Amino acid sequence: MFLALSREVEDALEGALSALDFPTDDLGIEQPPDDVESVLASSVAFRLAGEADQTPPQVAARIADAIDVDELTYVDAVETQGPYLNFLPSGAYFKETLEAATDADYGALPDRGESVVVEHTSANPTGPVHVGRARNPIIGDAVSTLLAYAGYDVSRHYYVNDAGRQMAVFTWAYETFEESDLESEPDRDRIEYDLVRYYRKGNDFLETADQEAVDAAEAEIESIMQGLEAGDEEAYERVSAVVDQVLSGMKTCLERLPAEFDEFVKETRFMRDGSTDDLVARLKELDEAVYDEDAWQLDLDEHGIEKNLVFLRSDGTSLYATRDLAHHEWKFDTYDRAVTVLGEDHKLQARQLRTTLELLGNDTDGLQQVLYSYVNLPEGKMSTRRGTGVDLDDLLDEAIARARKEVEDRLDDRIRDDDLTDDDIERIAHQVGIGAVRYDIVSKQPTKAITFEWDRALDFEAQSAPYVQYVHARCCGILAEAGIDPEADLEGQAIALEDLEADRLETDAEADLLETIARFPAVVEEAADDLEPHRVATYTRTFAERFNAFYRECPVLAEDVDPAVRDARLALVAGSKHTVANALSILGVAAPRSM
């Protein structure tokens, strides 16, 4: 209802200002401090004081008098507090919020009729996913789900680099060396861990072998690259034999997060269909095109970019950037908007891409990029047998193991009297462990570098994933004890929605919780507009605090609770359950029924 109330406040202010012959371009609407009872406030009187030749409090009083509250549905009163106008919520606001939140889809916004492609992760298929890059699939998946909740038709894409030199080297090495040539066993029993050894062996060979052997290897690598450029089916099949196997293992890792994709779009698609050749021809016609240092380039200096964009080598082979330009033009033709999640080291490439697309005549207003810094781990906290870094699988295994121990240590302190089986503990360990990783990463602003700290991420008492997940489990426990299915809408269950009396929720704790629930759809809308899922994480922490205050102060199923109050509080618990479950869903964090 917060969105409806916001629109009502905007309309009421615009009407009042127009009636007073004041400009309506800036309404000054803001969220008041916690100690103010209103849902929204306006500081517009500050701006208009000079024009009205009155003090801000006097202007505020005039505006308040010009608003007919009797014509409003969700605003009960407009009060002035010095220069501020405070809009107090009506009983209808709380009643309709309570009813709306009992729907299992609460927070999902209406269909916007607009398609968005979100490209994320897109790690080169050369081996296991590294933990430093874990922020990409976690943020990308959250952005995708957030946009879907906000009413967009979302397609999740992984752009596969299957055409560059790295893949040609990998293909040559895979075809050249035998298992007996490799120096180590795979770190994990999965295909990408097996095959990455060939890639490492090939790179080591190119650095240490005698010149004649290296020249022969380089000739074969070059022939693979030329074959791909020419659209040769045999070259494509050779490379695909490696790429598809490695990618299958990487998919398995990403599914553990989970981060799933609607489509894996290969670079070679835009070479084989002629898009890259067409694009190269158009790039050569641009005024910025120059042939320098044995390569075709775009001189973008006049556009504020000092580094040239190389788009064609002297041997006639294209580059990743060239194919990505063709890829983006395909996106523009297929979708209304295109969002890409990129590491901070791709800032320059992102600028070059956007500028070049504009030079080619594309409207880039629908192109948005989410840039992120990398994830670090505390030094010495984790290591691998290779000692060269930490794979995402290692991090997830460690998270599950630590969560399992935490759950087992807390068994004796559980409030619920249901017995947890070994399978239950394992399920909760996965939900809490992986949820802790995702939540800790997605809850930070993407551009801020972060160091993942186990004690903070798995703290059941602090503002972490387990802290929020525990609220969901608590809601489920209360509802189940009352004979209500926690997973379903409240409609048709033990409580008649039409008979709910929201005005029975009289305490500050109940009002604060209900008001927090009311804001959830607005949080979804604002976070989606700015592509900032960390705002949803911030909301869940506030929500958890408000729910815990309600839980401490307002018994739901105690024998001395009035039946009408009981039903209203049960509805509030159901609304809380759906709100926190859907907020966690946006973040990609599981919502356990018990912990």
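One structure accompanies this document, and this report is about it. (Residues numbered from 1 in each chain as written. Predicted model: local features only at pLDDT ≥ 70, side-chain atom pairs only at ≥ 80, totals over all residues. Heavy atoms only, no water.)

### Looking at the sheet that holds strand β9 (residues 295–298)
The antiparallel open sheet is built from 3 strands, whose spatial order is β8-β9-β10. The open sheet is flanked by β8 (289–292) and β10 (309–313), the only strands paired with a single partner. The average angle at which neighbouring strand axes cross in this sheet is 30 degrees, direction not considered. As paired elements, β9 and β10 share 4 bridges and run antiparallel to each other. Residue pairing in the sheet places L298 in a bridge with L309 of β10. Its contacts with the sheet place helix α11 (residues 275–284) against β8, β9 and β10, and it is angled at close to 120 degrees to β10. (Pairing = 2+ DSSP bridges. Helix = DSSP H or I, 4+ residues; strand = E, 2+ residues; numbered from the N terminus. Axes fitted to C-alpha atoms, helices over the stretch in contact; angles between N-to-C directions. Contact = heavy atoms within 4.5 Å.)

### What to know about the pattern of salt bridges
Evaluated as defined, the whole model comprises 38 salt bridges. A salt bridge links D397 to R256, with the nearest nitrogen and oxygen atoms 2.7 Å apart. Of this pair, D397 sits in helix α14 (residues 392–409) while R256 sits in the loop between α9 (233–255) and β7 (263–266); the two residues are 141 residues apart in sequence, bridging distant segments of the chain. Residue classification places D397 among the partly exposed positions, given a relative accessible area of 30%. A salt bridge links D530 to R535, with the shortest nitrogen-to-oxygen separation between them at 2.8 Å. (Salt bridge = Lys/Arg side-chain N within 4 Å of Asp/Glu carboxyl O. Buried < 20%, exposed > 50% of the residue type's maximum accessible area, 1.4 Å probe, protein only.)

### Re the environment of V432
Position of V432 among the secondary structure elements: in helix α15 (residues 422–442). According to the relative accessible area criterion, V432 is buried, its value standing at 0%. When the C-alpha positions of V432 and A259 are compared, they lie 16 Å apart, and in sequence the two are 173 residues distant. Not counting residues within four places of it along the chain, the set of residues in contact with V432 comprises A403, L458, F460, P466, Q469 and M595.

### So, the sheet that holds strand β12 (residues 367–372)
Taken together, 5 strands build an open sheet; the order of strands is β7-β6-β5-β11-β12 and the sheet is parallel. The open sheet terminates on both sides in strands that have one partner only, identified here as β7 and β12. Recorded for the sheet is a direction-independent mean angle of 25 degrees between the axes of neighbouring strands. Pairing of strand β5 (residues 115–119) with strand β6 (residues 153–160) involves 5 bridges; the strand directions are parallel.

### So, α9
Over its 23 residues, α9 runs 31 Å from end to end, which matches the ideal 33 Å to within 8%, given 1.5 Å per residue. At S240, α9 shows its largest bend, some 30 degrees. Taken together, the buried positions of α9 are A235, Y236, V239, S240, V242, V243, V246, L247, G249, M250, C253 and L254. For α9, the side-chain oxygen to backbone nitrogen distance between the N-cap and E234 is 3.4 Å, and the N-cap itself is D232. (Expected span 1.5 Å × (residues − 1). Bend = angle between axes of the 7 residues up to and from the residue. Polar contact = N/O pair within 3.5 Å; in protein donor to acceptor, adjacent residues only side chain to side chain.)

### So, the packing of aromatic side chains
One pass over the structure, following the stated rule, counts 21 aromatic pairs. Pairing W330 with Y335 gives two aromatic rings, centres 6.2 Å apart and planes at 85 degrees, and the pair type is edge-to-face. Given the relative accessible area of 18%, W330 is considered buried. Relative accessible area serves as the criterion here: at 14%, Y335 is assigned to the buried category. Three or more aromatic residues joined by ring pairs make a cluster, and in this case those are Y106, F520, Y539 and F543. The ring centre of Y551 lies 4.0 Å from the NZ or CZ of R474, which sits over that ring. (Phe/Tyr/Trp six-rings, centres within 6.5 Å; stacked < 30°, edge-to-face > 60°. Lys NZ or Arg CZ within 6 Å of the ring centre and 35° of its normal.)

### Focus on the packing of α11 against helix α12 (residues 320–334)
If you want to describe how two helices pack, look at the angle between their axes and the distance between the axes. Packing of α11 against α12 leaves a shortest axis separation of 9 Å and a crossing angle of 105 degrees. Classed by the angle they form, the pair α11 and α12 counts as roughly perpendicular. Judged by residue contacts, S275, T276, L279, V280, R282 and L283 of α11 engage T322, R323, L325, A326 and E329 from α12. Class assignment of the residues belonging to the contact of α11 with α12 gives a composition of 5 nonpolar, 3 polar and 3 charged. (Parallel < 35°, antiparallel > 145°, perpendicular 65-115°, else oblique. Nonpolar A, V, L, I, M, F, W, Y, C, P; charged D, E, K, R; others polar.)

### Examining the packing of helix α18 (residues 508–530) against helix α19 (residues 534–553)
Relative to each other, α18 and α19 sit at 170 degrees, their axes nearing to 10 Å. One way to sum up the angle between α18 and α19 is to call them roughly antiparallel. For the pair formed by α18 and α19, the contact residues are A509, E510, D512, L513, T516, I517, F520, V523, E526, A527 and D530 on the first element and R535, V536, Y539, F543, R546, F547, A549, F550 and E553 on the second. Grouping the amino acids of the contact of α18 with α19 by side-chain chemistry returns 12 nonpolar, 1 polar and 7 charged.

Distances and angles like these do not, on their own, reveal function.
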